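Descriptive structure summary
Residue strings, one per chain:
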Amino acid sequence: MASLRDLGLSEYEARAYRSLLQTGPTTAKELSRASDVPMGRIYDVLNSIEQYNLVRSQTASRPKKYVAVEPATALDRLLEDKKRELEEKADQYESIVDDLSSELDAAEPVEDQFWTAAVGPEETTDLLLERLAAADDRIVMVAADPVPERDIQAVSEDVTAELEDALDRGVSIDVLMTRHLVSSLSEKVGERYRGVLQNRADFDVRTTDDVTGSFNLIDDIEVCIQVPNPLSSGDAFGMIDLKDPEFAANVREEFVPRWENAESLQF
């Protein structure tokens, strides 16, 4: 069940506030008795919830009396405190991430060959988005195999958003796709292309029918190859991510003449 402790109050603070709602204006001694908060702690507890602006005190009376702020107001104040605390935490975490990013990016990159693989539609998409997000200089996308109809809108929009983020980082992007794939993209992707991507000098899309597979070339050192499902035409079975500068150079060599002979996209 929901508790005042969920909003940051201690057990004693929650007891004191709830008791004040029942007793009405009362002294610390009387509140200690009603709330079962020890007399040795009651003043600290009252000072604490007074700082939360949950009680008001009548300093002119002797002995001093306290009254609870109405529940709706008290809960709103606790909620605002929590929101402010979360915003401060978020700012703190963002600052930590910025510091760590600078520190970790300064490390020398490892140039050894490495490969990994993902199997299944969701895992394949996650790996693709991860590698696009890792690009520092250049992305080449070749897309021939359509995504399954049930996933085409969500996947194409996620990829488009990732490409937009890459452009903002200064990454240049060339996209080569089949005409059939263009017709299967969602209207939102088309709108985003016309409104945001088409006018970017470092973004170019061309179409051709001279490609039969889908892959992504990242920074000329890494290749993400989509593996089609052998039992379901047009369905993605998985993806192989291979970091090998020599292999990537060979892939780029095969890509360049197809790119030069392709036509600019007419969306």
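In what follows, the structure referred to is the one given above.
Residues numbered from 1 in each chain as written. Predicted model: local features only at pLDDT ≥ 70, side-chain atom pairs only at ≥ 80, totals over all residues. Heavy atoms only, no water.

1. Points about the overall build of the protein
The number of helices and strands found in the protein is 9 helices and 11 strands. Restricting the contact set of the protein to residue pairs at least 6 apart, pairs at least 24 apart contribute 71%. Taken as a whole, the protein presents about 16,100 Å² of accessible surface, with 49% of it coming from carbon and sulfur. (Helix = DSSP H or I, 4+ residues; strand = E, 2+ residues; numbered from the N terminus. Contact = heavy atoms within 4.5 Å. Areas by Shrake-Rupley, 256 points an atom, 1.4 Å probe, with all protein chains shown as cover.)

2. Let's talk about the environment of Val 251
As for its placement among the helices and strands, Val 251 is situated in helix α9 (residues 245-261). For Val 251, a relative accessible area of 14% corresponds to the buried category. Between the alpha carbons of Val 251 and Asn 216 there is a distance of 9.8 Å; along the sequence they are 35 residues apart. Apart from residues no more than four positions distant in its own chain, Val 251 is found in contact with Phe 215 and Val 223. (Buried < 20%, exposed > 50% of the residue type's maximum accessible area, 1.4 Å probe, protein only.)

3. Description of the environment of Ser 32
As for its position among the elements, Ser 32 is in helix α2 (residues 28-35). As a C-alpha pair, Ser 32 and Ala 16 span 16 residues in sequence and 7.7 Å in three-dimensional space. Ser 32 has contacts with Val 37, Pro 38, Met 39 and Ile 42, leaving out every residue within four places of it along the chain.

4. Here's the deal with unusual backbone geometry
The phi angle at Asp 36 is positive, at roughly 65°, despite the residue not being glycine. Residue placement: Asp 36 occurs in the loop between α2 and α3 (39-51).

5. Points about the packing of helix α1 (residues 11-23) against α2
Two measures define how a pair of helices packs: the angle their axes make with one another and the distance between the axes. Relative orientation of the contacting elements α1 and α2 amounts to 105°, with a least axis distance of 9 Å. Of the possible angle classes, the one that applies to α1 and α2 is roughly perpendicular. Mapping the contact onto sequence places Arg 15, Ala 16, Ser 19, Leu 20 and Thr 23 in α1 and Leu 31, Ala 34 and Ser 35 in α2. Residue classes in the contact of α1 with α2 are distributed as 4 nonpolar, 3 polar and 1 charged. (Axes fitted to C-alpha atoms, helices over the stretch in contact; angles between N-to-C directions. Parallel < 35°, antiparallel > 145°, perpendicular 65-115°, else oblique. Nonpolar A, V, L, I, M, F, W, Y, C, P; charged D, E, K, R; others polar.)

6. Things to note about the side chain of Thr 27
Looking at the secondary structure, you find Thr 27 in strand β1 (residues 26-27). Ignoring sequence-local partners within four residues, the contact set of Thr 27 consists of Pro 63, Lys 64 and Lys 65.

7. Details of the sheet that holds strand β3 (residues 65-68)
Here 3 strands make up an open sheet; going across it, the order is β1-β3-β2 and the pairing antiparallel. Strand pairing shows two members of the sheet lacking a second neighbour, β1 and β2 (55-58), which therefore form its edges. Sheet strands touched by α1: β1, β2 and β3. Its angle to β3, the strand with the most contacts, is close to 95°. The sheet strands contacting α3 are β2 and β3, and the helix crosses β2 at an angle near 115°. (Pairing = 2+ DSSP bridges.)

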